[in-house]
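Coordinate analysis (summary)
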Amino acid sequence: MNSDACALRRYEDNLNVCGIGVVILSAWDVFKLVMQFLTKMKDFAGDFFDQFGEEEKGYALGFFIVLIVVILLVIALVFLLHAYIGLNASRAAKRLPCKKGYYVWAVILLVLSVLSLFAYVDKIRNLEEIDTIVASFIIDLTFIYILGTIVISTRRIKALKNGQM
């Protein structure tokens, strides 16, 4: 029984730390999305507004503002999803009331993160930006590790509480 209590404590500690890690790494995702948005926006805006005449630029500006708001909402949703997963995992580790949906979202985000690693195959050929690519790859691997630990710890905590381990 003592070994089960130690294992439960270890998995709860892992879940708590990884929950906090997801919240912290969400800042990285938001930063990465904002930087991609800003670097591509300059070229997009110039090309976009050159297509319109003087009388149509007002409508184009309105559309452009709506587009920026939608992109900012997507960035906010990414942050909120990460915060939902991280905060609820941390609450579950502390045996506080939490929403159980964090586990499902963690699995979905884990699968999407693993699949997104294939995008680095094309990026690695650009040797001018290799340092940025390697840094992003390492952080994405860290995020995958954290999500994997959340999934595994949640399953093992549940099994230990049900007496199946």
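1. What about the packing of aromatic side chains?
Summed over the entire model, instances satisfying the criterion amount to one aromatic pair. Over the face of the ring belonging to Tyr120 we find Lys123, whose NZ or CZ atom lies 5.3 Å from the ring centre.

2. Some thoughts on the state of the cysteines
Within the structure shown, the criterion is met by zero disulfides. Here Cys6 stays unpaired: no disulfide links it, and the sulfur of Cys18, its closest cysteine neighbor, is 19 Å away. Here Cys18 is not cross-linked by a disulfide; its sulfur's nearest cysteine counterpart is in Cys98, at 15 Å. A relative accessible area of 8% means that Cys18 is categorised as buried.

3. Comments concerning the packing of helix α2 (residues 57-93) against helix α3 (residues 101-116)
With their axes 9 Å apart at the nearest point, α2 and α3 run at an angle of 130° to one another. Judged by the angle between their axes, α2 and α3 are oblique. Here α2 runs over α3; the crossing is left-handed. Across the interface between the two elements, Leu81, His82, Tyr84, Ile85, Asn88, Ala89 and Ala92 from α2 touch Gly101, Tyr102, Trp105, Ala106 and Leu109 from α3. The residue makeup of the contact of α2 with α3, split by class, is nine nonpolar, three polar and no charged.

4. Description of the environment of Ala27
Its location among the elements puts Ala27 in helix α1 (residues 2-50). Assessed through its relative accessible area of 47%, Ala27 is described here as partly exposed. Separated by 42 residues in the primary sequence, Ala27 and Val69 place their C-alpha atoms 19 Å from one another.

5. Section: the environment of Val34
Relative to the helices and strands, Val34 resides in helix α1. For Val34 and Ile68, which are 34 residues apart along the polypeptide, the C-alpha to C-alpha distance reads 11 Å.

6. Some thoughts on unusual backbone geometry
Non-glycine residue Arg95 carries a positive phi angle of around 60°. Residue Arg95 is classed as exposed on the basis of its relative accessible area, which comes to 53%.

7. Some details on α3
Here α3 spans 22 Å end to end across 16 residues, near enough to the 22 Å set by a 1.5 Å rise per residue. Restricting attention to buried positions, one finds in α3 the residues Tyr102, Ala106, Leu109, Leu110 and Ser113. One side of α3 holds all its buried residues, which, seen down the axis, span an arc of 110°. For α3, the exposed residues set more than 90 degrees away from the buried face come down to Leu112 and Leu115.

8. Thoughts on the pattern of salt bridges
Applying the stated criterion to the full structure yields two salt bridges. For Arg9, the salt bridge identified is with Asp13, shortest N-O distance 3.4 Å. In this pair, Arg9 and Asp13 are both assigned in helix α1, four residues apart and thus about one turn of the helix distant. Here Arg9 falls in the exposed class, since its relative accessible area comes to 53%. Asp13 gets classed as partly exposed once you look at its relative accessible area, which sits at 36%. In this structure, the salt-bridge partner of Glu12 is Arg95, at a minimum N-O distance of 2.7 Å. A residue pair is termed long-range when its members are at least 10 positions apart, and Glu12 in helix α1 and Arg95 in the loop between α2 and α3 qualify at 83 residues. You can call Glu12 buried: its relative accessible area is 7%.

Reading the values: the criteria
- Residues numbered from 1 in each chain as written.
- Predicted model: local features only at pLDDT ≥ 70, side-chain atom pairs only at ≥ 80, totals over all residues.
- Heavy atoms only, no water.
- Phe/Tyr/Trp six-rings, centres within 6.5 Å; stacked < 30°, edge-to-face > 60°.
- Lys NZ or Arg CZ within 6 Å of the ring centre and 35° of its normal.
- Disulfide = S-S within 2.5 Å.
- Buried < 20%, exposed > 50% of the residue type's maximum accessible area, 1.4 Å probe, protein only.
- Axes fitted to C-alpha atoms, helices over the stretch in contact; angles between N-to-C directions.
- Helix = DSSP H or I, 4+ residues; strand = E, 2+ residues; numbered from the N terminus.
- Parallel < 35°, antiparallel > 145°, perpendicular 65-115°, else oblique.
- Left-handed = near helix turned anticlockwise from the far one by under 90°.
- Contact = heavy atoms within 4.5 Å.
- Nonpolar A, V, L, I, M, F, W, Y, C, P; charged D, E, K, R; others polar.
- Expected span 1.5 Å × (residues − 1).
- Arc of directions from axis to C-beta.
- Salt bridge = Lys/Arg side-chain N within 4 Å of Asp/Glu carboxyl O.

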